Amino acid sequence: MEFWKYAFDMNWINVEVLRKAVRTSNNPSGDITPEQYREITSIDYM
């Protein structure tokens, strides 16, 4: 998660790119959980 937080904080990625890294049933190889997405962006993952 540290990489994704750093990349987001540095504006290297936006919420749309970060959304693709979330682990879901459709994306079981994602790197972060929906809860971590919320920690990084302060936006609930939907």
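Residues numbered from 1 in each chain as written. Predicted model: local features only at pLDDT ≥ 70, side-chain atom pairs only at ≥ 80, totals over all residues. Heavy atoms only, no water.

Trainee: Give me the lowdown on the overall build of the protein chain, citing residues and values where you can.
Mentor: For the protein chain, the count of helices and strands is 3 helices and 0 strands. The linear arrangement of helices and strands in the protein chain, starting from the amino end, is α-α-α. Structurally, the protein chain occupies a C-alpha span of about 30 × 20 × 15 Å along its principal axes. Buried positions account for 26% of the 46 residues belonging to the protein chain. (Helix = DSSP H or I, 4+ residues; strand = E, 2+ residues; numbered from the N terminus. Buried < 20%, exposed > 50% of the residue type's maximum accessible area, 1.4 Å probe, protein only.)

Trainee: Summarise the environment of E16; cite the residues concerned and give the values.
Mentor: With respect to the helices, strands and loops of the structure, E16 is situated in helix α2 (residues 15-19). Sequence spacing of E16 and M46 is 30 residues, and the spatial spacing of their C-alpha atoms is 12 Å.

Trainee: Lay out helix α3 (residues 34-41) in plain terms, naming residues and giving numbers.
Mentor: Three- or four-residue spacings in an α-helix give side chains the same orientation, since the helix completes a turn every 3.6 residues. Listed in full, the buried residues belonging to α3 are Y37, I40 and T41. For α3, the arc enclosing every buried residue in end-on projection is 80 degrees, short of the 170-degree limit, so these residues lie on one face. Across from the buried face of α3, at angles greater than 90 degrees, the exposed residues are E35 and E39. Contact partners of the buried residues in α3: α1 (2-9) and α2. (Arc of directions from axis to C-beta. Contact = heavy atoms within 4.5 Å.)

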